[in-house]
Amino acid sequence: MTATGAQTPAIRISNLAFAYNGTPILEDVTLEIMARDSLCIVGPNGGGKTTLLKLILGLLKPDQGEIEVLGQAPEKSRLRIGYVPQYARYDPQFPVTVFEVVLMGRLDRIFCGTYARADRQAAESALAEMGLTDLAGRLFAEISGGQRQRVLIARALAAEGELLILDEPTANIDAASEEHLFELLAKLNERLTVMLVTHDVGFASKFFKSIICVNRQVVLHPTSELTGELIRNMYGGDIRMIRHDHRCSPEGHCDHGIS
Amino acid sequence: MEFLEALANPAIPFLRYALAVGILASLAFGIIGTYVVARRITYIAGAIAHCVLGGIGAGLYCQHKLGGITWFGPLSGAIVAALLAAIIIGLVSLHASQREDTAIGALWAIGMAIGLLFIAKTPGYIEPMSYLFGNILLISEFDLWMVLALDGLVVVIATLFYHKFLAVCFDEEYARLRGVRTDLYYLLLLCLTALTVVLLVRVVGIVMVIALLTLPAAVASNFAKGLWQMMVLATLFCIAFIGSGLALSYSFDLPSGPTIIVIAGLVYLLATGLRQLRTRKN
């Protein structure tokens with residue numbers, strides 16, 4: 001893990017705009033995210049959260065403006081990012097073991113043949129950190145959703161990046177797994193910048209130092225500022241109901257007259 | 001027993017060739033078939049296989065009509081057509097934003113149509129049936145060497161880049177984020193699939209080669225823990241299907257291709273049925 005000083009920005013975005021088929025998705029985005037921050041990206045469905053994520057990962061190119069991640073262009077810095085996609089998008093029958101999935105975090109280090117001992121050790125310690133050592137030989141398809149989620153985090157850790165990005169990690173997992181997930185993330189945040197996408201506004205304030213609201217425009221707030229008024233501004237004025245308690249519907253709160 | 005005696009009989013070399021081709025090609029079939037089944041691209045492999053007929057037709061036409069070109073025969077035609085089809089279909093599947101299946105279906109039919117047109121215009125009577133459904137009488141010693149070379153190539157590449165292919169099949173986006181040129185590996189995998197398809201066209205024919213590519217891997221998936229095991233098991237199943245199919249077809253005077261496929265199909269249905277029963281019990 002490279003030591004990045006707390007004052008260097010992990011992500012710097014200036015005047016960015018992105019349109020898809022002529023429809024503007026993101027406009028005039030300027031953003032600076034500090035290293036070792038813990039952020040939550042929230043916003044309604046279709047508001048541009050996933051697009052922002054893909055721009056940061058370098059999977060999409062901005063139409064205008066610039067992005068710098070860890071001081072480099074996104075295509076260059078992506079190897080230093082630990083990315084955790086949604087586990088539910090995987091083929092449930094794919095024959096791959098947990099250990100093989102975690103080893104994929106080291107994919108950039110081999111050209112052909114087998115992984116080096118250092119790669120296997122990195123994968124083993126990532127599994128151990130996630131408490132999954134016993135599952136190493138099991139099929140990825142056989143284990144529970146919460147466990148799969150942790151395997152994907154272990155894979156991101158095996159890559160030994162400085163920035164951990166998780167896409168909707170709380171979708172489709174039960175409350176106990178979710179609580180466990182946030183304990184793990186809090187620990188990882190001691191050495192990594194942690195960024196998480198969710199459409200579940202309710203829990204956001206509880207765990208994160210900052211929150212990024214995305215709805216075509218992008219605004220960064222310290223979580224202490226997150227108020228009903230702010231959310232109303234972000235989602236538009238016609239909200240009938242927003243619930244702030246943590247334990248309502250697992251689909252989140254955004255669908256009640258907002259999106 | 002009769003089959004074993006026939007194998008040893010120097011007067012009928014084609015049976016030995018067929019078995020040798022089958023066993024050698026099983027390696028490539030087990031490995032590539034596993035990727036195809038795991039990545040769920042059976043229909044893409046099917047389209048490639050049918051495009052092979054275009055190349056076979058062109059090869060026959062060049063050989064018979066344009067007399068001088070002897071080096072370009074049905075087998076080299078098949079290899080060229082299969083690789084070409086793999087790259088075109090691969091690019092379509094990578095870049096088509098919608099109606100990918102329609103485009104691939106069209107290529108599937110166009111490839112076959114071109115082949116049949118060439119065969120129709122080739123002087124002398126050529127039976128397209130033998131290419132569509134396989135005819136072990138057509139296997140020569142030269143074919144055997146070609147199969148050996150292709151097989152070696154496929155097995156070596158597929159094994160060397162096992163981890164890359166695994167990652168590209170399992171999670172293409174993540175592989176790209178780890179710096180892997182996923183488009184290139186996807187196209188390479190399709191090209192290997194194409195070469196694998198060419199390997200067994202003589203034995204089971206174009207129409208049924210897809211069944212032999214996917215059924216052993218599908219049966220293996222019922223027992224395997226992980227991709228690597230699935231490859232080994234699929235190879236063994238493939239050898240068993242081809243061996244027993246050739247033996248039965250010889251003993252009962254049946255066409256080899258359909259016999260092999262019916263055996264593979266029955267075992268697949270049996271394995272899948274047993275698995276269903278077992279999961280229902282639990």
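Refer to the preceding data block for the structure.
Rules used throughout
- Residues numbered from 1 in each chain as written.
- Chains lettered and ligands numbered in written order.
- Predicted model: local features only at pLDDT ≥ 70, side-chain atom pairs only at ≥ 80, totals over all residues.
- Helix = DSSP H or I, 4+ residues; strand = E, 2+ residues; numbered from the N terminus.
- Buried ≥ 20, exposed ≤ 12 C-beta atoms within 10 Å, placed from the backbone.
- Contact = placed C-beta atoms within 7 Å.
- Nonpolar A, V, L, I, M, F, W, Y, C, P; charged D, E, K, R; others polar.
- Pairing = 2+ DSSP bridges.
- Axes fitted to C-alpha atoms, helices over the stretch in contact; angles between N-to-C directions.
- Expected span 1.5 Å × (residues − 1).
- Arc of directions from axis to C-beta.
- Core = buried A, V, L, I, M, F, W, Y, C linked by C-beta atoms within 7 Å.
- Parallel < 35°, antiparallel > 145°, perpendicular 65-115°, else oblique.
- Left-handed = near helix turned anticlockwise from the far one by under 90°.

A. Looking closely at the overall build of chain A. Looking only at helices and strands, chain A features 8 helices and 9 strands. Within chain A, the proportion of its 259 residues that are buried is 42%. When contacts within chain A are restricted to residue pairs at least 6 apart in sequence, long-range pairs at least 24 apart make up 69% of them.

B. Seen up close, the interface of chain A and chain B. Residue-level contacts link 18 residues of chain A with 20 residues of chain B. When the residues that make up the side of chain A that touches chain B are grouped by side-chain class, the tally is 13 nonpolar, 2 polar and 3 charged.

C. Inspection of the sheet that holds strand E3 (residues 38-42) of chain A at higher detail. Residues and elements named next belong to chain A. Ordered in space as E5-E6-E7-E3-E8-E9, the 6 strands form an open sheet in which the pairing is mixed. Both edges of this open sheet fall to strand E5 (81-84) and strand E9 (217-222), since each of them pairs with a single strand only. Adjacent strand axes in the sheet meet at a mean angle of 15° when their direction is disregarded. Where helix H5 (residues 145-158) meets the sheet, its contacts fall on E5 and strand E6 (163-167), and the angle it forms with E5 comes to roughly 165°.

D. Expanded view of helix H7 (residues 141-160) of chain B. Residues and elements named next belong to chain B. Helix length check: H7 (20 residues) gives 29 Å between terminal C-alpha atoms against 28 Å at 1.5 Å per residue, within 8%. Among the residues of H7, Val 147, Leu 150, Asp 151, Val 154 and Ala 158 are the ones counted as buried. Take H7 and look down its axis: the buried residues cluster within an arc of 105°, on one side only. What points out from H7, more than 90 degrees from its buried face, is the exposed set Glu 141, Phe 142, Trp 145, Ala 149 and Val 156. Along its buried surface, H7 packs onto helix H2 (13-39), helix H8 (162-170) and helix H10 (182-221).

E. Here's a closer look at the sheet that holds strand E4 (residues 64-69) of chain A. Residues and elements named next belong to chain A. One open sheet holds the 3 strands; their spatial order is E2-E1-E4, and the pairing between them is antiparallel. Each edge of the open sheet is held by one strand with a lone partner, namely strand E2 (23-34) and E4. The mean angle between the axes of side-by-side strands here comes to 20°, regardless of whether they run parallel or antiparallel. Note: strand E1 (residues 9-20) against E4, 5 bridges, orientation antiparallel. Pairing of Ser 14 across the sheet is with Glu 66, part of E4.

F. Just helix H4 (residues 117-129) of chain A, in detail. Residue and element names in this part refer to chain A. The end-to-end C-alpha distance of H4, which contains 13 residues, comes to 18 Å, matching closely the 18 Å that a straight helix rising 1.5 Å per residue would cover. Buried within H4 are the following residues: Ala 122, Ala 123, Ala 126 and Leu 127. Angularly, the buried residues of H4 cover 135° about the axis, an arc narrow enough to put them on a single face. Along H4, exposed side chains directed more than 90 degrees from the buried face belong to Arg 117, Ala 118, Gln 121 and Ala 128. In this structure, the buried side of H4 is in contact with helix H3 (98-103) and H5.

G. Looking closely at the environment of Pro 13 of chain B. Checked against the element boundaries, Pro 13 of chain B lands in helix H2. Each C-alpha atom, one on Pro 13 of chain B and one on Ile 110 of chain B, is 36 Å from the other, the two residues being 97 residues apart in sequence.

H. Representation of the nonpolar core within the structure. The biggest cluster of nonpolar side chains holds 170 residues, and the ones touching the most others in it are Val 102 of chain A together with Ile 48, Val 52, Ala 82, Val 197, Val 209 and Leu 212 of chain B. Here this core takes 27 residues from H10 of chain B, the largest share from any one element. Setting aside its immediate chain neighbours within four residues, Val 102 of chain A contacts Ala 123, Ala 126, Leu 127, Val 151, Ala 154, Arg 155 and Ala 158 of chain A.

I. Fine view of the packing of helix H11 (residues 227-251) of chain B against helix H12 (residues 256-281) of chain B. Residue and element names in this part refer to chain B. In the contact formed by H11 and H12, the axes pass within 8 Å of each other and the chain directions differ by 130°. Of the possible angle classes, the one that applies to H11 and H12 is oblique. The crossing of H11 and H12 is right-handed. On H12, the residues that touch Phe 241, Ile 242, Ser 244, Gly 245, Leu 246, Leu 248 and Ser 249 of H11 are Ser 256, Thr 259, Ile 260, Ile 263 and Ala 264. Classifying every residue of the contact of H11 with H12 by side-chain character gives 7 nonpolar, 5 polar and no charged.

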